[in-house]
Amino acid sequence: KLQFLYLIGQHSTSPLPVPTMGDTSTMYNTHSELINHIEGMKEKRAELDRFIQKEEEEKARIVNDLRVLNERLARADEGLARKYAARQEYDKTIAETENAFSKIVDSSRTLLHVLKRESNALEKKHVGDSWQ
C-alpha cells in the first residue's frame, strides 16, 4: 500500500517511510510492468482500429454495391413491365387475328359448299345442253 501511495503521489497525515533499495526496485518493476501492459493494450487497440477501418470500408463498398444492384433491379423491373405489356398486346392481336381467320375459313367453307351445290344444280339443269 505504501508503494501505491508513493507512486501516485498521495500523502497521508503520517510521514511515509523512505523507500529502500528493494522498494525502489519493486516500484520500478511494477511501474515498468504497468507501462508494458498499457502499451500492449494500446497496440491491440490500434490493431482493432485497423480492423474496424477495413470493415467500415468493406461495409461502404457493400452499401454502394447494393445501391447499384437496386438501381439495376429497378431498371430490370421497368423493362420487364414494358415487355409484359407488349406481350399482352401481341397476345390480344394474335387472338383477334386467329378468331377473324377462323371466321374467314368458316365463311370460305360455306361459300365453297354453296358454290358446289349451285354448280351441281346448274349441271343437272343443263345436262345435254351443247354450248358450241
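Residues numbered from 1 in each chain as written. Predicted model: local features only at pLDDT ≥ 70, side-chain atom pairs only at ≥ 80, totals over all residues. Heavy atoms only, no water.

1. A word on the overall build of the protein
Part 1 of the argument: Regarding its fold elements, the protein presents two helices and zero strands.
Part 2 of the argument: Sorting the 132 residues of the protein into buried and exposed places 2% on the buried side.
Part 3 of the argument: Element-wise, carbon and sulfur atoms account for 59% of the exposed surface of the protein, whose accessible area totals about 12500 Å². (Helix = DSSP H or I, 4+ residues; strand = E, 2+ residues; numbered from the N terminus. Buried < 20%, exposed > 50% of the residue type's maximum accessible area, 1.4 Å probe, protein only. Areas by Shrake-Rupley, 256 points an atom, 1.4 Å probe, with all protein chains shown as cover.)

2. Section: the pattern of salt bridges
Part 1 of the argument: Under the counting rule described, the total for this entry stands at four salt bridges.
Part 2 of the argument: With its nearest N and O atoms 3.0 Å apart, the salt bridge here joins arginine 67 to glutamate 71. Separated by four residues within a single helix, arginine 67 and glutamate 71 lie in helix α2 (residues 21-125), roughly one turn from each other.
Part 3 of the argument: Take arginine 67: its relative accessible area is 43%, and that puts it in the partly exposed class. (Salt bridge = Lys/Arg side-chain N within 4 Å of Asp/Glu carboxyl O.)

3. Describing a nonpolar patch on the surface
Part 1 of the argument: Taken together, Leu48, Phe51 and Ile52 make up a surface patch of nonpolar side chains, about 280 Å² in accessible area.
Part 2 of the argument: By the element assignment, leucine 48 lies in helix α2. (Patch = residues over 30% accessible without salt bridge, like charges linked within 9 Å, V, L, I, M, F, W, Y side chains within 5 Å.)

4. Focus on the confidence of the model for the protein
Part 1 of the argument: Put simply, the protein has an average pLDDT of 86, and 81% of its residues get 70 or more.
Part 2 of the argument: Below pLDDT 50 for its whole length, residues 1-11 participates in eleven contacts with residues either more than four positions away or in separate chains. (pLDDT = per-residue confidence, 0-100. Contact = heavy atoms within 4.5 Å.)

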